[in-house]
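Listed below are the residues making up each chain.
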Amino acid sequence: MRTKGLLMAAAAMVCGATAWGQSILLDDPANRSYVGIRAGLDISSPTPDVFKNGAGFHVGAIYNAKIIKNFYIEPGAMLYYDTWSLNDKRFQADLAGAKRDIGLNSSFRNFGVRIPLMFGYHFDFTPDINVSVFTGPELNIGLSSRYHYDVSVGSVPGLDVNGSISCYSPIGENKTGNEAVDKLLDQVQDLFHRVDCAWKIGVGLNYSNFHVSVGGAIGMSNVYKHSNASAFTDDAFRMNRMTVTLGYNF
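Quick summary incoming for the structure in this document. (Residues numbered from 1 in each chain as written. Predicted model: local features only at pLDDT ≥ 70, side-chain atom pairs only at ≥ 80, totals over all residues. Heavy atoms only, no water.)

Overview of the layout of surface pockets
Move 1: Estimates place the volume of the largest pocket at around 720 Å³.
Move 2: In terms of lining residues, the largest pocket is bounded by 38 residues, among which Tyr34, Arg38, Asn64, Asn206 and Asn249 are the most central.
Move 3: Put simply, the parts of the chain that give the lining of the largest pocket at least two residues each are strand S1 (34-46), strand S3 (54-68), strand S4 (71-86), strand S5 (102-126), strand S6 (129-153), strand S8 (195-207), strand S9 (210-219) and strand S10 (239-249).
Move 4: A class-by-class count of the residues in the lining of the largest pocket yields 10 nonpolar, 16 polar and 12 charged. (1 Å grid on protein atoms, 1.4 Å probe; cavity = no way out; pocket = protein on both sides within 12 Å on 5 of 7 lines; lining within 4 Å. Points joined across faces, edges and corners; volume = space filled by probe spheres on them. Helix = DSSP H or I, 4+ residues; strand = E, 2+ residues; numbered from the N terminus. Nonpolar A, V, L, I, M, F, W, Y, C, P; charged D, E, K, R; others polar.)

Printed below as a string of structure tokens:
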């Protein structure tokens, strides 16, 4: 009788777990659409080795819309400010000219709008805790892209050149009077498309109204605009990115 009772209890637990899984883990009847705010860290990773990784941030809002069961679609709009830098050693030989010691410090600073469209599925472990997996395209629209440079030629006075130029401006628009530096700036100007696309995949955790997620985006389009890019590399420029995001759902 004792064994029979244990078997019946185990069967009841299995049935209860199955019913719970069917009612909430994979199909939570309390699912609803909601608006959320998001902010987080970007780690930019350009594919050509002529560029080095950089950091930035994003902030914006999303709309999480229920599709069916625990499936959802999540469009959003973010403002971003991302930076990356030039592998300066690749250009020091060109800038040296008279074989003096050259110092080149530079960075790309970019501001724009990011429009993600994520498709996802969440597993609801309790009414307040769920884990989601998501994927989808991200459209990036550049509003500003500036190249900041600081060139020093050994200890020779009067040969230091610094400033910033727009990577969207026409070639030859900015001149410093230093032939070697102007050659570099001609390569940077009008270098990038304003619009590019990436494909993102990630995992998120919602606890009550709070959100945290980690994702990675793989660049799908060539950001280089024209043959000027061959001065840097023969490869296409594709912007990859890792993100850590915090948020609040209303």
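That covers the picture; the talk isn't over yet.
Some thoughts on the packing of aromatic side chains
Move 1: In this structure the tally under the stated criterion is 16 aromatic pairs.
Move 2: Relative to Phe108, the ring of Phe51 has its centre 5.5 Å away and its plane inclined at 65 degrees; by these criteria the two rings are edge-to-face. Here the residue Phe51 occupies a position in strand S2 (residues 51-52), and Phe108 occupies one in strand S5, the gap between them amounting to 57 residues.
Move 3: A residue is classified by how much of its surface remains accessible, and Phe51, at 4% relative accessible area, is buried.
Move 4: Its relative accessible area of 0% is what places Phe108 among the buried residues. (Phe/Tyr/Trp six-rings, centres within 6.5 Å; stacked < 30°, edge-to-face > 60°. Buried < 20%, exposed > 50% of the residue type's maximum accessible area, 1.4 Å probe, protein only.)

A short note on the pattern of salt bridges
Move 1: For the structure on display, the rule yields six salt bridges.
Move 2: Between Lys69 and Asp27 there is a salt bridge, with its nearest N and O atoms 3.5 Å apart. With Lys69 in the loop between S3 and S4 and Asp27 in the loop between helix H1 (2-25) and S1, this residue pair connects regions lying 42 residues apart in the sequence.
Move 3: Classification of Lys69 as partly exposed rests on a relative accessible area of 43%.
Move 4: Ionic pairing is found between Lys200 and Glu138, a salt bridge with its closest N-O pair at 3.7 Å. Of this pair, Lys200 sits in strand S8 while Glu138 sits in strand S6, and the two are 62 residues apart along the sequence. Side by side, Lys200 and Glu138 carry an identical accessibility label, which is buried.
Move 5: Among the ionic contacts, a cluster of salt bridges with common partners joins Asp42, Asp82 and Arg114. (Salt bridge = Lys/Arg side-chain N within 4 Å of Asp/Glu carboxyl O.)

A few points about a nonpolar patch on the surface
Move 1: Where nonpolar side chains cluster on the molecular surface, the patch consists of Leu26, Leu41, Ile43, Phe123, Phe125, Val133, Val203, Val214, Met242 and Val244 and spans about 800 Å² of accessible area.
Move 2: Put simply, the parts of the chain that give the nonpolar patch at least two residues each are S1, S5 and S10.
Move 3: If you trace the backbone, Met242 turns up in strand S10. (Patch = residues over 30% accessible without salt bridge, like charges linked within 9 Å, V, L, I, M, F, W, Y side chains within 5 Å. Areas by Shrake-Rupley, 256 points an atom, 1.4 Å probe, with all protein chains shown as cover.)

So, empty space enclosed by the protein
Move 1: Enumeration according to the criterion identifies one cavity of 30 Å³ or more in this entry.
Move 2: In this structure, the largest cavity occupies an estimated 210 Å³ of space.
Move 3: Taken together, 20 residues make up the lining of the largest cavity; nearest its centre are Tyr80, Trp84, Asn110, Asp196 and Val223.
Move 4: Counting residues per element, the lining of the largest cavity draws most heavily on S6, which supplies four residues.
Move 5: When grouped by side-chain class, the residues that make up the lining of the largest cavity number eight nonpolar, seven polar and five charged.

Everything listed here is a matter of geometry and, on its own, says nothing about what the molecule does.
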